[in-house]
Amino acid sequence: MMRNPKDLTRYDAQERANHWLVGICFILLALSGLAFFHPAFYPLTQLFGGGVWARILHPYLGVLMALAFLVMFFRFKSLNAMTPADKEWLSRVGEMMDGNDHNMPEQGKYNGGQKMMFWAMALSMLLLFVSGIFLWRAYFSLPVDVVRLGAVVHSAIAAIMIAMIFVHVYAALWVRGTVRAMVYGTVTRAWAKQHHRAWYRQVTGKS
Amino acid sequence: MALQSLDIARRSATTTPAPGVRQTTEVAKLIDVSTCIGCKACQSACMEWNDIRDEVGSCSGVYDNPVDLTAKSWTVMRFAEVEEKGKLEWLIRKDGCMHCADPGCLKACPAPGAIIQYANGIVDFHQENCIGCGYCITGCPFNIPRISEADNKAYKCSLCSDRVAVGQAPACAKACPTGAIQFGSKEQMKDYAAKRVVDLKSRGYEKAGLYDPAGVGGTHVMYVLHHADRPELYKGLPNDPSISPLVALWKGFAKPLASVAMAAVALGSLFHYVMKGPNEVSKELEDELEKEDAK
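Conventions adopted
- Residues numbered from 1 in each chain as written.
- Chains lettered and ligands numbered in written order.
- Predicted model: local features only at pLDDT ≥ 70, side-chain atom pairs only at ≥ 80, totals over all residues.
- Helix = DSSP H or I, 4+ residues; strand = E, 2+ residues; numbered from the N terminus.
- Rg over C-alpha atoms; globule rule 2.2 N^0.38 Å.
- Buried ≥ 20, exposed ≤ 12 C-beta atoms within 10 Å, placed from the backbone.
- Contact = placed C-beta atoms within 7 Å.
- Pairing = 2+ DSSP bridges.
- Axes fitted to C-alpha atoms, helices over the stretch in contact; angles between N-to-C directions.
- Nonpolar A, V, L, I, M, F, W, Y, C, P; charged D, E, K, R; others polar.
- Domains from an automatic or database assignment.
- Core = buried A, V, L, I, M, F, W, Y, C linked by C-beta atoms within 7 Å.
- Expected span 1.5 Å × (residues − 1).
- Bend = angle between axes of the 7 residues up to and from the residue.
- Parallel < 35°, antiparallel > 145°, perpendicular 65-115°, else oblique.
- Left-handed = near helix turned anticlockwise from the far one by under 90°.

Caption draft 1: Seen up close, the overall build of chain B. Secondary structure assignment for chain B yields nine helices and eleven strands. The C-alpha atoms of chain B give a radius of gyration of 27 Å, which is well past the 19 Å a tight globule of 295 residues would have. The C-alpha extent of chain B, read off along each of the three principal axes, is 105 × 45 × 40 Å. By the burial criterion, 44% of the 295 residues in chain B qualify as buried.

Here you go:
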């Protein structure tokens, strides 16, 4: 049910479900993966039923996330093509961070930062998937130097990805009225007009 | 399972000191390749003492049997036929864990207490803590640990840590009929090796020497080699082994660096929120739209 019938639909049910499938997989993968990375995080394996279960489940969750992300990638790929306005926006991201976004260049459904995040995540997913295969000893047995390289790539990209997800989640929390887009699909018109004016014009036909 | 719980030098995935009040003498096994006859009594003794029987395999056409180390065969004889100065040399090397002073397996292991290094130098796997990830294989410069297909735990030679703990020599050393496997303090073994090297040199093996590679901090299983300048002749014994730089990076400074970086981003976000406040939809815009609706 809509809070206000004039609210704008930003994500349909399938898009939301797809996003949350990726999100849940990511959280579980980060928790189990960190446990193998640094002893300080090893107690996180208890969430999965112990170290052995964490080791068994992690790669399957990874495959599930990769597949779910692939679907999401094709869903949102064309919406994330970079434009000159995005580059302008990115060059002035400091103003945005400072909390004064009223003079920022007009943005479509996604701003330059969101688009950068999309492509960075797509690349990270690919690297994590391939390097993860190298490390999956239950099914793959590759030359040890390949496995070693895979281990370095997998942990480095995972750490970067976790940091990126912090930024992704924080951005959604910081910009008030955003989280609801991924929870029940709608945003207010004022939200859209303020943050994504070109998209607002496109969906409402107003100026 | 730890029999010597007071003399632990290092424990995998543990950042605080392990119980180490008891100091014990550094031990070593010395394998004198030049007096080995390839009888495999050591392999049999290993099976018998550890009470593990590998599946009976098939003959691959050479003496190597089993062909490789497995979760159930912790030591194997490797036979190399090499031509030196126009003569055939049959080089036989007993392969197994080298018990490095700086063990790559222990460095890579993510499971606390799955790999233990005792003060006497023995590197031991405690399978009840093993999660079966295989990182020990990734970390090992000698390609020694094997994951069991039955229970997904990693296994390798324990240097008979249970026997050594009660003052006995490892089963293989006890069984060797020619004295090619010696066991004692590391110092004693080095002295013994020095004598063997002098003897070998007097017999024309000018490059005879001790294999105790410094790249891994020395090992607690050492070889006397007739061709110490070319260890790779002995079925690929690594020349100057060390923990791979990739493993050192992965399980070295990347760990604190990445942890701090992730924490910094999380904390940075929190402080940004606290200092800059939320990015709210402006009241002005909301009023403007409400007015439009009212028309």
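Having seen it, we continue.
Caption draft 2: Expanded view of the overall build of chain A. Across its full length, chain A carries nine helices and two strands. For chain A, the α and β elements follow one another from N to C terminus as β-α-α-α-α-α-α-α-β-α-α. A principal-axis box enclosing the C-alpha atoms of chain A has dimensions of 60 × 40 × 30 Å. Buried residues in chain A amount to 29% of all 207 residues. Sequence-distant contacts, at least 24 apart, represent 60% of the contacts inside chain A between residues at least 6 apart.

Caption draft 3: View of the sheet that holds strand 5 (residues 115-118) of chain B. All names here are of chain B. Taken together, three strands build an open sheet; the order of strands is 1-5-6 and the sheet is antiparallel. Sheet topology places strand 1 (8-11) and strand 6 (123-125) at the edges, where each strand pairs with a single neighbour. With direction set aside, neighbouring strand axes in the sheet form an average angle of 25°. Note: strand 1 against strand 5, three bridges, orientation antiparallel. Following the sheet pairing, Arg10 is matched in strand 5 by Gln117.

Caption draft 4: View of the sheet that holds strand 2 (residues 27-32) of chain B. Residue and element names in this part refer to chain B. Within the open sheet, the four strands sit side by side as 9-2-11-10. Their pairing is mixed. This sheet does not close on itself; its edge strands, each paired only once, are strand 9 (181-185) and strand 10 (209-211). Across the sheet, the mean angle separating the axes of adjacent strands is 25° when strand polarity is ignored. For strand 2 and strand 11 (residues 221-225), the ladder comprises four bridges, and the chain directions are parallel. Looking at strand 11, one finds that Lys29 is bridged to Val221.

Caption draft 5: Highlighting the interface of chain A and chain B. The partner chain B presents 38 residues to the 37 residues of chain A that form the contact. Mapped onto the side of chain A that touches chain B, the elements with two or more residues apiece are helix 1 (13-37), helix 2 (51-76), helix 6 (144-174) and helix 8 (189-195) of chain A. When residues in the side of chain A that touches chain B are grouped by element, the largest group, 15 residues, is from helix 6 of chain A. Split into classes, the residues belonging to the side of chain A that touches chain B amount to 22 nonpolar, seven polar and eight charged.

Caption draft 6: The pairing of strand 4 (residues 87-95) of chain B, seen in detail. Residues and elements named next belong to chain B. Across nine bridges, the pairing between strand 3 (residues 76-84) and strand 4 is antiparallel. Looking across to strand 4, one finds that Arg78 is bridged to Arg93. Counting the residues between successive antiparallel strands, the hairpin from strand 3 to strand 4 contains two residues, one of them, Lys85, with a positive phi of roughly 50°.

Caption draft 7: Molecular detail of the domain arrangement of chain B. On domain assignment, one finds that chain B holds domain 1 (8-243) and domain 2 (253-294). Centre-to-centre, using C-alpha coordinates, domain 1 of chain B lies 56 Å away from domain 2 of chain B.

Caption draft 8: The arrangement of the nonpolar core in detail. If you look at the biggest cluster of nonpolar residues, it comprises 85 residues, and the most contacted ones within it are Val33, Cys109, Ile115 and Cys136 of chain B. The leading source of residues in this core is strand 11 of chain B, at five residues. Every residue in contact with Cys136 of chain B, bar those within four places of it in the chain, is listed here: Cys105, Ala108, Cys109, Ile115, Pro145 and Ala154 of chain B. Grouped together as the second largest cluster of nonpolar side chains are 17 residues, Val22, Met125 and Ile157 of chain A together with Ala258 of chain B included.

Caption draft 9: Looking closely at helix 1 of chain A. Here helix 1 of chain A is 25 residues long and its end C-alpha atoms lie 35 Å apart, about the 36 Å a rise of 1.5 Å per residue gives. Among the structural elements, helix 2 and helix 6 of chain A together with helix 8 (254-276) of chain B are those in contact with the buried residues of helix 1 of chain A.

Caption draft 10: Fine view of the environment of Pro59 of chain A. Residue and element names in this part refer to chain A. Inspection of the secondary structure puts Pro59 in helix 2. Put simply, Pro59 and Val169 are 110 residues apart on the chain and 24 Å apart in space, counted from C-alpha to C-alpha. The contacts of Pro59, once residues within four sequence positions are left out, are Gly132 and Trp136.

Caption draft 11: Examining helix 2 of chain A more closely. Residues and elements named next belong to chain A. The end-to-end C-alpha distance of helix 2 is 36 Å, a good match for the 38 Å that 26 residues give at a rise of 1.5 Å each. Along helix 2, the sharpest change in direction is near 25° and occurs at Leu57; proline Pro59 comes one to four residues later. Listed in full, the buried residues belonging to helix 2 are Gly51, Ala54, Arg55, His58, Gly62, Met65, Ala68 and Phe69. In this structure, the buried side of helix 2 is in contact with helix 1 and helix 5 (112-135).

Caption draft 12: Spatial organisation of the packing of helix 3 (residues 84-91) of chain A against helix 5 of chain A. All names here are of chain A. Remark: helix 3 packs on helix 5, axes separated minimally by 8 Å, with the N-to-C direction vectors making an angle of 100°. When the axes of helix 3 and helix 5 are compared, the pair comes out roughly perpendicular. On the side of helix 3, the interface is formed by Asp86, Lys87, Trp89 and Leu90, while helix 5 contributes Gly112, Gly113, Lys115 and Met116. Of the residues in the contact of helix 3 with helix 5, the class split is three nonpolar, two polar and three charged.

Caption draft 13: Structural view of the packing of helix 5 of chain A against helix 6 of chain A. All names here are of chain A. Direction vectors running N to C along helix 5 and helix 6 enclose 150°, while the axes themselves pass 8 Å from each other. One way to sum up the angle between helix 5 and helix 6 is to call them roughly antiparallel. Where helix 5 crosses over helix 6, the handedness of that crossing is left-handed. Across the interface between the two elements, Met117, Ala120, Met121, Ser124, Leu127, Leu128, Ser131, Gly132, Phe134 and Leu135 of helix 5 pack against Val146, Val147, Gly150, Ala151, Val153, His154, Ile157, Ala158, Ile160, Met161, Met164 and His168 of helix 6. The residue makeup of the contact of helix 5 with helix 6, split by class, is 16 nonpolar, six polar and no charged.

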